[in-house]
Protein chains: 2
Amino acid sequence: MKYQAPVDDMMFLIEEWLGIERLTGLPGFEDLDSDALRFMLEEAGRFCASELLPINATGDAVGAVLDSGEVRTPPGFREAYRKFVEGGWTSIDSDPEYGGQGLPRLLQFMVDEMLAACNLAFKLYTELSHGAGHLVAASASEDLRRRYLPNMIAGRWTGTMCLTEPHCGTDLGLLNTRATPQPDGSYRINGTKIFITSGDHDLTENIVHLVLARVDGAPAGSHGISTFLVPRNHVREDGSVGERNSVKTGSLEHKMGIRGSATAMLHFEDATGYLVGEENRGLVAMFTMMNIERITVGIQGLGIAEIACQNALDYACERLQSRAPEPRPDPSKRADPLVYHPEIRRMLLRMRSQIEGGRALAIYTALHTDLMHRAPSPEERKGAADTVALLTPIVKSYLSDLAVTSSLSAQQVFGGHGYIREWGMEQLVRDSRITPIYEGTNEVQALDLVTRKLSLDGGRLVDAEFSRWARFLEAARKDRELEGIIGPAAAAFERLADATGCMRQRVLEDDAAARGAATEFQRLFALTTVAILWAQVVAAISGKQGEIYERKRKLARFYMSHVLPETIALHKVITEGAEDLAEFDAASLTGQVRA
Amino acid sequence: MKYQAPVDDMMFLIEEWLGIERLTGLPGFEDLDSDALRFMLEEAGRFCASELLPINATGDAVGAVLDSGEVRTPPGFREAYRKFVEGGWTSIDSDPEYGGQGLPRLLQFMVDEMLAACNLAFKLYTELSHGAGHLVAASASEDLRRRYLPNMIAGRWTGTMCLTEPHCGTDLGLLNTRATPQPDGSYRINGTKIFITSGDHDLTENIVHLVLARVDGAPAGSHGISTFLVPRNHVREDGSVGERNSVKTGSLEHKMGIRGSATAMLHFEDATGYLVGEENRGLVAMFTMMNIERITVGIQGLGIAEIACQNALDYACERLQSRAPEPRPDPSKRADPLVYHPEIRRMLLRMRSQIEGGRALAIYTALHTDLMHRAPSPEERKGAADTVALLTPIVKSYLSDLAVTSSLSAQQVFGGHGYIREWGMEQLVRDSRITPIYEGTNEVQALDLVTRKLSLDGGRLVDAEFSRWARFLEAARKDRELEGIIGPAAAAFERLADATGCMRQRVLEDDAAARGAATEFQRLFALTTVAILWAQVVAAISGKQGEIYERKRKLARFYMSHVLPETIALHKVITEGAEDLAEFDAASLTGQVRA
């Protein structure tokens, strides 16, 4: 497996489309410029390709192992983690007051893409730690922050998110873990948590668990949940790491992929925990962090799609098999490279056009996570927060689905060789497959989009985004260079607008019909968003001549003619399919669906 | 994992739609009736669920192992194989003259579905053996038949197909294995074959390899290839098994799935082989067998889709999570079964409607494999052979893709639990993933459809099938019970007919454009075929009242409104997308596709 970090494409999108000044003009980022940003991205790309990619296949083959109560990470992970920490990669966008570098969240997301491409299992040891740090920074008391945050930001300790229990994943309102207040202000935590990413490992001397639990006497449901900080090892007054807290690792999961990542079942047995934020308000703070995490999962998907596509292309250029149509590269040979076969080229271009459009979506959303905190005016900050809220389920679902379809497609390019371990393609399929599932399945994202985001603030989020799109399309309509691009994008937008009206109506009148079409609606929304962003990218380079600009225009047209037509089918299913779905109520299904 | 063989649905399709007399009216099948057929299917279902399903997960976990030159199958496989042989499951449709039971090929295919559902890795030890037996029966000399066939049919020995070499899979014309004639009429075989299913194992005392090789001095390319029978162990004059032939097992592949199946690299080093059929005509006989094998691979996919769907439904009925829309099954509970959530129900119904439509496709095609050999008139036999030829790429590609999408979808219903080993869903994804790859990738199937089948005999195959469909649709148009079914099916058929005209033109004028849209065309063809067959099934039960009939009608309508709209998008991509694909010639792609 090879990997070349897509730094050029990232910088292209920032410089030629979004404008670097939208980032460097923000308070706190004054010292940043294009050269510095490119330098950091190239460093990150080098680190990922040279340190993380080489240990990805062995990490999968050996896996994380629980041995006599201790978790062992795969060969090379400890050494790579040490270099990761030394390189400062744990603290990119964290608060300088606690040792962070205070760089843009956008940079973090772009590095996230590279990390996920080269070694998702490794990345997970650092990813939720990073999220946990942000949660502590945002919600914990000054005392907890002082004691834990610098070590988390510096990567000396890692963090976890302990949400899921055996009987509840999506529906956290059902959770049973209990917290009993103690006279010293701490709590005793009792309960079992499952699927805890990096729940235990040998990379650092301590682990900081953020645990959702119910204080004794708290209301049932999601309004009785609080967040607690529960260190694996106690932390002494002087900040040093003390004896073990009562958190036991019950087992590690045997997973389809990301096998180098330790996914633990944790038993909290009278463990000592500290309240983070207010009692019974635990879900609010947790979900602020989770929403950012959902964007990260989408970006993980983008990274895997990218490395899958790169390697499929390499293989397609090298593997000679059968005769391609004229013209052929070397008529003296008895077979041509796969890339000369149009049916293979189509597969590569489907991936490529969705990946580069998907990167526009990712970077656009990522920029707005900085804008929502740092834009000068409250209106701009609110507008940016709205864009992030609306696009979070789109980024998460579209890019994670793209990871799976692209790695399947890349595997298909390899034929039988894609099915065996040595080429790495089958690992990408297995690793990518978690992304549509974790941090809220893509079906949960669709419900968030349809039942919450569509109607939030009276529908303001959608209306604002749609108005911007409409203005852009109107302005771009006359650009001759955008022929084959604006037309299809505008047609898809009409379908989306119509479907949005239909879904809003259903949310009010027929909840079952709304939910039954939510996943298709989310996909229609995503394909159309990517089309609009592709059109904006190409509009931004209008008039520019040169290979890279031509290539982008051709790829945008390919997306419009080969990917976007799916929106026609989706629109039809959404607007006309409700009745046939309603024919099957659940009761009839349970008895009858089986043949 | 549970499994209930879909005997009722199989019998429904045969009795209520196709008509059992189409089978029992054929010469040789006079003794067969509905009761006997159902009895055998139920026996097969019981065997698969009770003997093969329980060893499927362990087979995956342990895998087939090469140890000091000997291949060991996973725990339980030897015992299950013994019972499989004792039950007579190796000889269903084989020639009674050599010990076969002479039962319909259709029955074999239905049993194939059950075997693949419960344990694809196990099935593969028997499947290619069955194909090899048919090839020996059809092409080998009387002497070879007498010596090898009874043992193969009885399952005492198994067979393999040795085609692929390291540098050639799809493109067999490139193969290098050599055959040198010996004075005694035998040949010395030298070469290396890879990806040989059941290439070595411990289930039987001998293995019969059918090997493609090039006789010294034979022409280059596909016209210089011959087929040889190369036993792992020599067979003595008295028929007993002698010492080892010079066939060495180099290694076993580490595969994504079907890990219980031994996929071997075999070195033939001056091995003794016997010519099967004529010199330089090896590919013809091999492809007769391979074409049937392609149908079987599709049916494997159907089996995996079925068991994935069954288990997802079971889980959805049991797992309580979040509140569903009204009405709820038990308002006192704090959460409802997943199946009450419309977004989950939609996933189950998408699977279900495609699986039952797919089974109609499978059984329709399977029946024609019997008709093409046994129908009374030459015209009927030729017509049936045409149908089989045309539908082979459709069955292979549609049902293997369905296996992957259905197992992914079933896994998604399980959420995080679908990603870990213990529920079995992730194994189904890994096992199913081979089906779109082996026996000709689905892209190769698409090329077969577009560049061969469309124009075979001046297009007679397609024209004949389309005429039948048109007559059926015209006749059914007035049936009020078929509302919501005939309309969409007829519209899809119009799109297919139009796209067929377009593709025929391209085959003549622009090969690259034809090939570049071949995969989409194949999918359009498949979705439309299934729609027509669904409509025929429902037309056959017109007027009948009762739960099972109502259910079939509702499921057919669901297919039309939720699955079939994809054909609109496909038609557009096929007919309008060629120009944008042509923008990317291979040369530009190699340098530029990477960002």
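Residues numbered from 1 in each chain as written. Chains lettered and ligands numbered in written order. Predicted model: local features only at pLDDT ≥ 70, side-chain atom pairs only at ≥ 80, totals over all residues. Heavy atoms only, no water.

It is worth spelling out the overall build of chain A at this point. Per the secondary structure count, chain A includes 20 helices and eleven strands. In summary, chain A has a C-alpha radius of gyration of 24 Å against a globular reference of 25 Å for 595 residues, a match within 12%. Overall, chain A is about 80 × 65 × 60 Å in size when its C-alpha atoms are taken along their principal axes. Considering chain A as a whole, with its 595 residues, one finds that 65% of them fall into the buried category. Considering only contacts in chain A between residues 6 or more positions apart, those separated by 24 or more positions represent 73%. Positive and negative side-chain charges in chain A, numbering 64 and 81 respectively, have mean positions lying 3 Å apart. (Helix = DSSP H or I, 4+ residues; strand = E, 2+ residues; numbered from the N terminus. Rg over C-alpha atoms; globule rule 2.2 N^0.38 Å. Buried < 20%, exposed > 50% of the residue type's maximum accessible area, 1.4 Å probe, protein only. Contact = heavy atoms within 4.5 Å. Lys, Arg positive; Asp, Glu negative; His and termini not counted. Charge placed at Lys NZ, Arg CZ, Asp CG, Glu CD.)

A few words now on the pairing of strand S11 (residues 263–276) of chain B. All names here are of chain B. Note that strand S5 (residues 187–197) and S11 share nine bridges and pair antiparallel. By the bridge assignment, Ile-196 is partnered in S11 with Ala-264. Here strand S10 (residues 247–252) runs beside S11; their pairing, made up of five bridges, is antiparallel. Within S11, the position partnered with Leu-252 by the bridge is Ala-264. (Pairing = 2+ DSSP bridges.)

Residue and element names in this part refer to chain A. Pairing of strand S4 (residues 178–181) with strand S5 (residues 187–197) involves four bridges; the strand directions are antiparallel. Bridge pairing in S5 links Arg-178 to Asn-190. The antiparallel pairing of S4 with S5 creates a hairpin that spans five residues between the two strands, and Gly-185 there sits at a positive phi of about 95°. Relative to strand S6 (residues 206–215), S4 runs parallel, the two being bridged by two bridges.

Looking now at the interface of chain B and chain A. Interfaces are often sized by the amount of accessible area the parts lose when they come together. Counting residues at the interface gives 105 residues for chain B and 105 residues for chain A. Between chain B and chain A, roughly 9,400 Å² of surface is buried when both sides are summed, and carbon and sulfur atoms account for 61% of that area. The shortest N-O distance in the salt bridge between Glu343(A) and Arg515(B) comes to 3.2 Å. Inspection of the region where chain B meets chain A yields 48 residue pairs in polar contact (both at pLDDT 80 or more). Considering each element in turn, the side of chain B that touches chain A owes the most residues, ten residues, to helix H9 (residues 342–374) of chain B. (Buried area = accessible area lost by both parts, 1.4 Å probe. Salt bridge = Lys/Arg side-chain N within 4 Å of Asp/Glu carboxyl O. Polar contact = N/O pair within 3.5 Å; in protein donor to acceptor, adjacent residues only side chain to side chain.)

The operation relating chain B to chain A is a screw motion whose rotation component is 180°, with 0.0 Å of axial translation and a residual RMSD of 0.0 Å. The operation mapping one copy onto its partner corresponds to a two-fold rotation axis. Taking the C-alpha atom as reference, chain B places Ala569(B) closest to the rotation axis, 3.0 Å from it. Interface overlap between copies is the fraction of interface residues in one copy that are interface residues in the other; for chain B against chain A it reaches 100%, indicating a shared surface. (Least-squares fit on C-alpha atoms with pLDDT ≥ 70 in both.)

Helices that pack against each other are described as a pair by the angle of their axes relative to one another and the distance between those axes. Residue and element names in this part refer to chain A. Taken N-terminus to C-terminus, the directions of helix H1 (residues 7–18) and helix H9 (residues 342–374) make an angle of 65°; their axes are 10 Å apart at the nearest point. Regarding H1 and H9, the two cross each other, and that crossing is right-handed. Residues Asp-9, Met-10, Leu-13, Ile-14, Trp-17 and Leu-18 of H1 touch H9, and the partners they reach there are Glu-356, Arg-359, Ala-360, Ile-363, Tyr-364 and Leu-367. Along the lines of polarity and charge, the residues of the contact of H1 with H9 split into nine nonpolar, no polar and three charged. (Axes fitted to C-alpha atoms, helices over the stretch in contact; angles between N-to-C directions. Left-handed = near helix turned anticlockwise from the far one by under 90°. Nonpolar A, V, L, I, M, F, W, Y, C, P; charged D, E, K, R; others polar.)

With 353 residues, the main nonpolar core has Phe521(A), Tyr559(A), Phe521(B) and Tyr559(B) as its most contacted residues. The contact partners of Phe521(B), leaving out residues within four places of it in the chain, are Leu449(B), Val450(B), Leu454(B), Leu496(B), Ala499(B), Thr500(B), Met503(B) and Ile574(B). Ala132(A), Tyr148(A), Ile153(A) and Leu212(A) belong to the second-largest nonpolar core, a separate cluster that totals 32 residues. (Core = buried A, V, L, I, M, F, W, Y, C linked by side-chain atoms within 4.5 Å.)

Right, let's get into the environment of Pro337(A). Residues and elements named next belong to chain A. If you trace the backbone, Pro-337 turns up in the loop between helix H8 (282–318) and H9. For the pair Pro-337 and Glu-97, spaced 240 residues apart in the sequence, the C-alpha separation amounts to 55 Å. Every residue in contact with Pro-337, bar those within four places of it in the chain, is listed here: Ala-316, Cys-317, Arg-319, Leu-320 and Pro-329.

Moving on: the environment of Ile344(B). Residue and element names in this part refer to chain B. Its location among the elements puts Ile-344 in helix H9. Residue classification places Ile-344 among the buried residues on the basis of a relative accessible area of 8%. If we skip the residues at most four places from it in the chain, Ile-344 touches Ala-316, Leu-338 and Val-413.

Since the α-helix advances by 3.6 residues per turn, residues separated by three or four positions end up pointing in the same direction. All names here are of chain B. For helix H13 (residues 460–476), which comprises 17 residues, the first-to-last C-alpha distance of 24 Å matches the rise-based estimate of 24 Å (1.5 Å per residue) to within 8%. Among all positions in H13, only Leu-461, Val-462, Glu-465, Phe-466, Trp-469, Phe-472, Leu-473 and Ala-476 are buried. Projected down its long axis, H13 carries its buried residues within an arc of 125°, all on one side. Exposed residues pointing more than 90 degrees away from the buried face of H13 are listed as Arg-471 and Ala-475. Here the buried face of H13 lies against H9, helix H10 (378–413), helix H12 (442–453), helix H14 (486–509) and helix H16 (518–540). (Expected span 1.5 Å × (residues − 1). Arc of directions from axis to C-beta.)

Attention now moves to unusual backbone geometry. All names here are of chain A. Residue Pro-327 follows Glu-326 across a cis peptide bond; omega there is -10°. Positionally, Pro-327 belongs in the loop between H8 and H9. Of note in this structure, Ser-68 is not a glycine but carries a positive phi near 50°. Assignment of secondary structure puts Ser-68 in the loop between strand S1 (65–67) and strand S2 (70–72).

This paragraph deals with the domain arrangement of chain A. If you check the domain split of chain A, you get domain 1 (7–139), domain 2 (158–280) and domain 3 (452–582). Relative placement of domain 2 of chain A and domain 3 of chain A: their C-alpha centres are 41 Å apart. (Domains from an automatic or database assignment.)

A few words now on the pattern of salt bridges. Residue and element names in this part refer to chain A. Under the definition given, this model contains 104 salt bridges over all chains. Taking the shortest distance from any N to any O, the salt bridge between Arg-480 and Glu-483 comes out at 3.6 Å. Exposure remark for Glu-483: the relative accessible area of 54% places this residue in the exposed category.

Of all residues in chain A, 99% attain a pLDDT of 70 or more, and the chain-wide mean is 96. Confidence metrics for the complex model read pTM 0.97 and ipTM 0.97. (pLDDT = per-residue confidence, 0-100.)

This next bit is on the packing of aromatic side chains. Applying the stated rule across the entire model yields 38 aromatic pairs over all chains. Taking 6.2 Å as the distance between ring centres and 90° as the angle between the ring planes, the aromatic pair formed by Phe77(A) and Tyr125(A) counts as edge-to-face. Here the residue Phe77(A) occupies a position in helix H5 (residues 77–86), and Tyr125(A) occupies one in helix H6 (residues 105–139), the gap between them amounting to 48 residues. Each member of the pair, Phe77(A) as well as Tyr125(A), is classed as buried. On the basis of an interplanar angle of 35° and a centroid distance of 5.9 Å, the ring pair of Phe466(B) and Phe525(B) is categorised as tilted. With a gap of 59 residues between them, Phe466(B) in helix H13 and Phe525(B) in helix H16 connect regions that are remote in the sequence. (Phe/Tyr/Trp six-rings, centres within 6.5 Å; stacked < 30°, edge-to-face > 60°.)

The next point concerns the side chain of Lys396(B). Among the structural elements, Lys396(B) can be located in helix H10. Side chain to side chain, Lys396(B) and Asn442(B) meet in a polar contact 3.0 Å long.

Counted at 1.5 Å a residue, the expected span for helix H6 (residues 105–139) of chain B with its 35 residues is 51 Å, but the 19 Å between its end C-alpha atoms falls short. Across the 35 residues of H6(B), 31 count as buried, placing the element largely inside the fold.

What follows is about the environment of Pro183(A). Along the chain, Pro183(A) falls in the loop between S4 and S5. A relative accessible area of 87% places Pro183(A) in the exposed class.

It is worth spelling out the packing of H6(B) against H9(B) at this point. All names here are of chain B. Between H6 and H9, whose axes approach to 7 Å, the crossing angle comes to 145°. Here H6 runs over H9; the crossing is right-handed. Counting all contacts with H6, which are made through Arg-105, Leu-106, Phe-109, Met-110 and Glu-113, the residues of H9 involved are Arg-359, Ile-363, Ala-366, Leu-367, Thr-369 and Asp-370. In terms of residue class, the contact of H6 with H9 is made up of six nonpolar, one polar and four charged.

We now examine the side chain of Asp112(B). Residues and elements named next belong to chain B. Residue position: Asp-112 is located in helix H6. Take Asp-112: its relative accessible area is 3%, and that puts it in the buried class. Reaching out from Asp-112, the side chain makes a polar contact with the side chain of Lys-123 at a distance of 2.8 Å. For Asp-112, the contacting residues outside a window of four places in its chain are Arg-105, Lys-123, Thr-296 and Ile-299.

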